[in-house]
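# Notes for the structure review
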Amino acid sequence: MKNIFLLICVLFFGACSGVVHEPKVINTTALTKQNQAYTGLKRKVAIARFGTESKYGTSDLFGVSYDISKQATDIFATKLTESDKFVMLERSDLKLVLKEQEYQGITPKKVGADYLIVGSITEFGRKELSDVGFFSRTKYQVAYASVSIRIVDTKSGHIIYATQGSGEARSEAGKQFGVGTHAGYDATLNDKAISAAMDNFINKVMDNLMDKPWKSYVLGTSGSNLIIGGGKFQNISVGDKFGIYKNGEIFTNPQTGIDIELPGEQIAQIEIVSQFGNTYTDEGSIAKIISGSLKGVKLNEIYVAQ
């Protein structure tokens with residue numbers, strides 16, 4: 001009995017000492033599926049901004065200052081870049097890039113995006129929960145977020161896809177007997193909650209972008225060959241074949257005021273014979289015409305498509 005009494009005392013006073021367990025992070029949303037190496041053609045994508053409609057998202061709490069909208073932009077850009085399916089173009093911090101180019105005496109090269117992504121954090125917050133047992137208590141910090149995004153076709157200005165997702169992440173302080181437990185503010189939960197919300201729709205966004213037709217353009221001629229935009233960084237390889245299409249006729253719909261372009265007509269087929277360039281901004285491909293003809297057709301009247 002004496003030994004049992006001593007054991008109870010050790011457990012009780014040990015719990016009152018205020019020892020904090022290492023937080024265990026629990027993400028309640030499934031992570032995105034692992035993708036195999038992508039070998040298709042890449043679309044040019046830019047993220048315009050991620051705003052926040054939540055006051056908590058731009059606050060100062062527990063001495064921790066953060067801008068949740070900036071975090072959301074970086075997280076989403078990282079997810080798309082890691083997929084290796086897109087040519088990602090900087091927009092949110094473009095001023096920093098231009099400033100560095102000016103410092104180096106580099107003339108900026110403007111590269112337009114095929115699709116622009118605009119997003120908002122519509123809901124964001126934190127709360128504390130606890131599970132109380134007969135001799136113990138477990139505390140949790142929980143962060144939750146809801147994110148909405150839309151994809152805009154930069155050529156037409158149309159919103160071609162919109163979706164939203166919610167997620168949360170929690171940190172468990174650990175079980176303690178008695179009193180004295182204190183869990184410090186876990187700032188990493190903010191990022192984890194936003195990431196969890198994005199995991200709900202990231203695959204749908206990527207699939208939607210990949211469903212859109214890939215296009216390139218004829219930049220010029222080299223003898224009997226054509227010079228087209230796009231090379232190895234857009235997963236174009238020597239031996240690939242593409243169609244040359246003449247622009248379809250454009251009509252203006254008086255009901256909406258929007259131009260409608262008819263499908264283009266294929267007038268030739270080309271095969272890639274060589275490539276040049278070191279980055280996606282200066283790369284290109286040389287192609288030979290294997291069928292059809294471009295006789296009498298202006299270069300600005302045609303485009304390349306698969």
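Each remark here, short or long, concerns the structure printed above.
### A word on the overall build of the protein chain
Across its full length, the protein chain carries five helices and 17 strands. Each of the 306 residues in the protein chain was classed as buried or not, and the buried ones make up 37%. For the protein chain, the proportion of contacts with a sequence separation of at least 24, taken over those separated by at least 6, is 71%. Counting every atom, the protein chain has about 18,000 Å² of accessible surface; 54% of that belongs to carbon and sulfur.

### Examining the layout of surface pockets
By volume, the largest pocket is sized at about 1,100 Å³. What lines the largest pocket is a set of 39 residues, and nearest its centre among them are D114, D153, K155, K215 and Y217. Of all the elements in the fold, those that place two or more residues in the lining of the largest pocket are strand 2 (43-52), strand 9 (215-216) and strand 14 (258-261). Element by element, the count of residues in the lining of the largest pocket is highest for strand 14, at four residues.

### Let's talk about the packing of helix 2 (residues 68-83) against helix 5 (residues 202-211)
Between two packed helices, what matters for the description is the angle formed by their axes and the separation of those axes. Two elements in contact, helix 2 and helix 5, have axes whose closest approach is 11 Å; the angle formed by their N-to-C orientations is 55°. Taken together, helix 2 and helix 5 sit at an angle that is classed as oblique. Note on packing geometry: the crossing formed by helix 2 with helix 5 is right-handed. Residue-level contacts link F76, K79, L80 and S83 of helix 2 to I202, V205 and M206 of helix 5. Partitioning the contact of helix 2 with helix 5 into residue classes produces five nonpolar, one polar and one charged.

### Side note on the environment of I227
If you trace the backbone, I227 turns up in strand 11 (residues 225-229). A C-alpha to C-alpha distance of 4.8 Å links I227 and I286, two positions 59 residues apart in sequence. For I227, the contacting residues outside a window of four places in its chain are Y217, V218, L219, G220, T221, S222, F276, S285 and I286.

### Overview of the pattern of salt bridges
Taken as a whole and assessed by the stated rule, the structure comprises eight salt bridges. The salt bridge partner of D93 is K70, with a shortest N-O separation of 2.4 Å. Taken as a pair, D93 in the loop between strand 5 (86-89) and helix 3 (94-104) and K70 in helix 2 lie far apart in primary sequence, 23 residues in all. Given a relative accessible area of 27%, D93 falls into the partly exposed group. Residue R170 pairs with E168 through a salt bridge whose shortest N-O separation is 3.5 Å. Residues joined by salt bridges that share partners form a network here, namely K70, D74 and D93.

### Thoughts on the side chain of T163
Relative to the elements of secondary structure, T163 occurs in strand 8 (residues 159-177). Exposure remark for T163: the relative accessible area of 17% places this residue in the buried category. Beyond its immediate chain neighbours, meaning those up to four positions away, T163 contacts V147, S148, I149, F201 and V205.

### What about the sheet that holds strand 11?
Ordered by their spatial adjacency, seven strands build an open sheet running 9-17-12-15-16-11-10, and the pairing between neighbours is antiparallel. With partners counted over all chains shown, the strands left at the sheet margins are strand 9 and strand 10 (218-222), one partner each. Judged from the four bridges that link them, strand 12 (residues 241-246) and strand 17 (residues 302-305) form a sheet pairing that is antiparallel. If you follow I244 over to strand 17, its bridge partner there is V304.

### Considerations on the nonpolar core
Formed by 32 residues in total, the largest nonpolar core has its most connected members in F76, L80, I117, I194 and M198. Listing elements by their share of this core, those giving two or more residues are strand 2, helix 2, strand 5, strand 6 (115-132), strand 7 (136-153), strand 8, helix 4 (188-199) and helix 5. Leave out the neighbours within four places in its chain, and M198 touches F50, A72, I75, F76, K79 and V147. Residues W214, V218, I302 and V304 belong to the second largest nonpolar core, which totals 15 residues.

Cut-off values and rules
- Residues numbered from 1 in each chain as written.
- Predicted model: local features only at pLDDT ≥ 70, side-chain atom pairs only at ≥ 80, totals over all residues.
- Heavy atoms only, no water.
- Helix = DSSP H or I, 4+ residues; strand = E, 2+ residues; numbered from the N terminus.
- Buried < 20%, exposed > 50% of the residue type's maximum accessible area, 1.4 Å probe, protein only.
- Contact = heavy atoms within 4.5 Å.
- Areas by Shrake-Rupley, 256 points an atom, 1.4 Å probe, with all protein chains shown as cover.
- 1 Å grid on protein atoms, 1.4 Å probe; cavity = no way out; pocket = protein on both sides within 12 Å on 5 of 7 lines; lining within 4 Å.
- Points joined across faces, edges and corners; volume = space filled by probe spheres on them.
- Axes fitted to C-alpha atoms, helices over the stretch in contact; angles between N-to-C directions.
- Parallel < 35°, antiparallel > 145°, perpendicular 65-115°, else oblique.
- Left-handed = near helix turned anticlockwise from the far one by under 90°.
- Nonpolar A, V, L, I, M, F, W, Y, C, P; charged D, E, K, R; others polar.
- Salt bridge = Lys/Arg side-chain N within 4 Å of Asp/Glu carboxyl O.
- Pairing = 2+ DSSP bridges.
- Core = buried A, V, L, I, M, F, W, Y, C linked by side-chain atoms within 4.5 Å.

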